[in-house]
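# Architecture and fold: a report
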Amino acid sequence: MEMKGFTYGYDGKRGDFRSEGGIKSQELLYQTGVNWVCLAVQNKQETAHSTTIEFDYGKSCSDRDIMAAVERAHSHGVKVCLKPMVNCKDGVWRAYINFADSDFNGQDIYWDKWFKSYNDYMIYYAELAEETGCEMLCIGCEMCGTERKEGHWRKLIAEIRKVYSGKLIYNTNHGHEDDVKWFDAVDYVGTSAYFPVADAGGATAEMMREKWQVVCEEMHKVYEKWGKKIVFIEIGCRSANGCATMPWDFSHKDLPHDEEEQANFFDSCLCVFADQEWFGGVFWWDWSTFIYDDIETAKQDHGFNIHLKKAEDVLKEWYAKL
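The text that follows walks through the structure, step by step, so that each part is easy to find.

Time to look at the packing of helix α5 (residues 205–226) against helix α6 (residues 259–273). One can describe the packing of α5 onto α6 by two numbers: an axis separation of 8 Å at closest approach and a directional angle of 45°. Viewed along their axes, α5 and α6 adopt a mutual orientation that is oblique. With respect to the hand of their crossing, α5 and α6 are arranged in right-handed fashion. The segment α5 lies against α6, with Ala205, Met208, Arg209, Trp212, Gln213, Val215, Cys216 and Met219 engaging Glu261, Asn264, Phe265, Asp267, Ser268, Cys269, Cys271, Val272 and Phe273. Here the residues of the contact of α5 with α6 are counted per class, giving 11 nonpolar, 3 polar and 3 charged.

Here's what the structure looks like:
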């Protein structure tokens, strides 16, 4: 497993990556033994049916923020995957970004407009990734509604490769690995691996391993189809009871704190996948831009963070021996 990763910065705003708190959080992340970090930055469009992606000069991470974070990672010998993401201002999941395929003249008017905006967006960050020496670029995250537009995606990838020389990965959502017909055009098959690996709260690591084994067999089929290593470019589980049944969940705030279930999720996944030659690695979701630094706060945190929780000890042990 080449990528012992974690995602950082998704909740970051302008200036955060270079702030005292942001730098402290990054330093704590590097102590987990990661050799890759996925630097997630986001910009937004109004709705899932808007055709323009906007940059908010007051909130969006600046180039200087990204440059500083990349430089700090490299100073620790950590490789960087830059991941520009698109969200909708109205809170609708980006997977629902979608338009009619064509009008009566056979023209994809709205698709053409959106992909023009997305192309400009991705080329901008591809150039930044090239200039800062990012080793990998994620060209899209969970854009399920757009994935059928194969021609548009292939054209975009060709344009990106003109300005960026590193590796490319696309991040589909779990269960959609067969929907992307153009995985041959990128270097890694990426997926948000929020697979449910428990039937109820309190599942043991052994119980989860059985579920992961089924996932492993399915992922190997995807690898055989494309000949590209599989990367869990997003994967995680909150420290709350029952979250292994729905690892993607962030909305159920009433679930009781459960570090054991989160730790079992981490351990069972790595136990099944770490030694698979066709498996590229993991980027856990996600390490907060500003992380807490005391155990009492950790005990009150029911989110994806693992700092000062049992899952952090599990991850450090795995990453130390891989």
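Further notes follow.
On the surface, a cluster of nonpolar side chains totalling about 290 Å² of accessible area is made up of Val92, Trp93 and Tyr96. By relative accessible area, which is 34% here, Trp93 ends up partly exposed.

With that settled, consider the pattern of salt bridges. On inspection of all chains with the given rule, the structure shows 22 salt bridges. Lys229 serves as the salt-bridge partner of Glu2, at 3.4 Å between the closest nitrogen and oxygen. Here Glu2 is found in the segment before β1 (3–8), whereas its partner Lys229 is found in the loop between α5 and β7 (230–235), with 227 residues between them in sequence. As a salt-bridge pair, Arg238 and Asp249 come within 2.8 Å of each other at their nearest N and O atoms. One end of the pair, Arg238, is in the loop between β7 and α6; the other, Asp249, is in the loop between β7 and α6, with 11 residues separating them in the sequence. Both residues of the pair, Arg238 and Asp249, belong to the buried class. One network of salt bridges, in which partners are shared, links Asp101, Asp108, Arg148 and Lys149.

Cut-offs used in this document
- Sequence order as written defines residue numbering, which begins from 1 separately in each chain.
- Residue-level local features of this predicted model are given only where pLDDT is at least 70; pairs of side-chain atoms are given and counted only at 80 or more, and the full residue set underlies all totals for whole chains, interfaces and linings.
- Heavy atoms throughout the structure, all of them, feed into the side-chain values; hydrogens and water do not.
- Lines fitted to C-alpha atoms define the axes here, with helix axes fitted over just the stretch in contact, and angles between the N-to-C directions of these axes take values from 0 to 180 degrees.
- Secondary structure elements are defined from DSSP: runs of H or I of at least 4 residues count as helices, runs of E of at least 2 residues count as strands, and each element is numbered from the N terminus.
- Working definition: roughly parallel below 35 degrees, roughly antiparallel above 145 degrees, roughly perpendicular at 65 to 115 degrees, and oblique for all remaining angles.
- Each crossing gets its handedness from the near helix: less than a right angle anticlockwise from the far helix is left-handed, clockwise is right-handed.
- Whether two residues touch is decided by their heavy atoms; if any such pair falls within 4.5 Å, the residues are in contact.
- Following the grouping adopted for this structure description, the nonpolar residues are Ala, Val, Leu, Ile, Met, Phe, Trp, Tyr, Cys and Pro, the charged ones are Asp, Glu, Lys and Arg, and the polar ones are all others, Gly among them.
- Patch definition: residues above 30% relative accessible area lacking any salt bridge, with like charges linked at up to 9 Å and the nonpolar side chains Val, Leu, Ile, Met, Phe, Trp and Tyr linked at up to 5 Å.
- Shrake-Rupley sampling with a 1.4 Å probe provides the accessible areas, and residues are treated as covered by the protein chains on show and by no other component.
- Salt bridge, as applied in this entry: a Lys or Arg side-chain nitrogen positioned within 4 Å of an Asp or Glu carboxyl oxygen.
- Three exposure classes are used, based on accessible area relative to the maximum for each residue type with a 1.4 Å probe and protein chains only: buried under 20%, partly exposed in between, and exposed over 50%.

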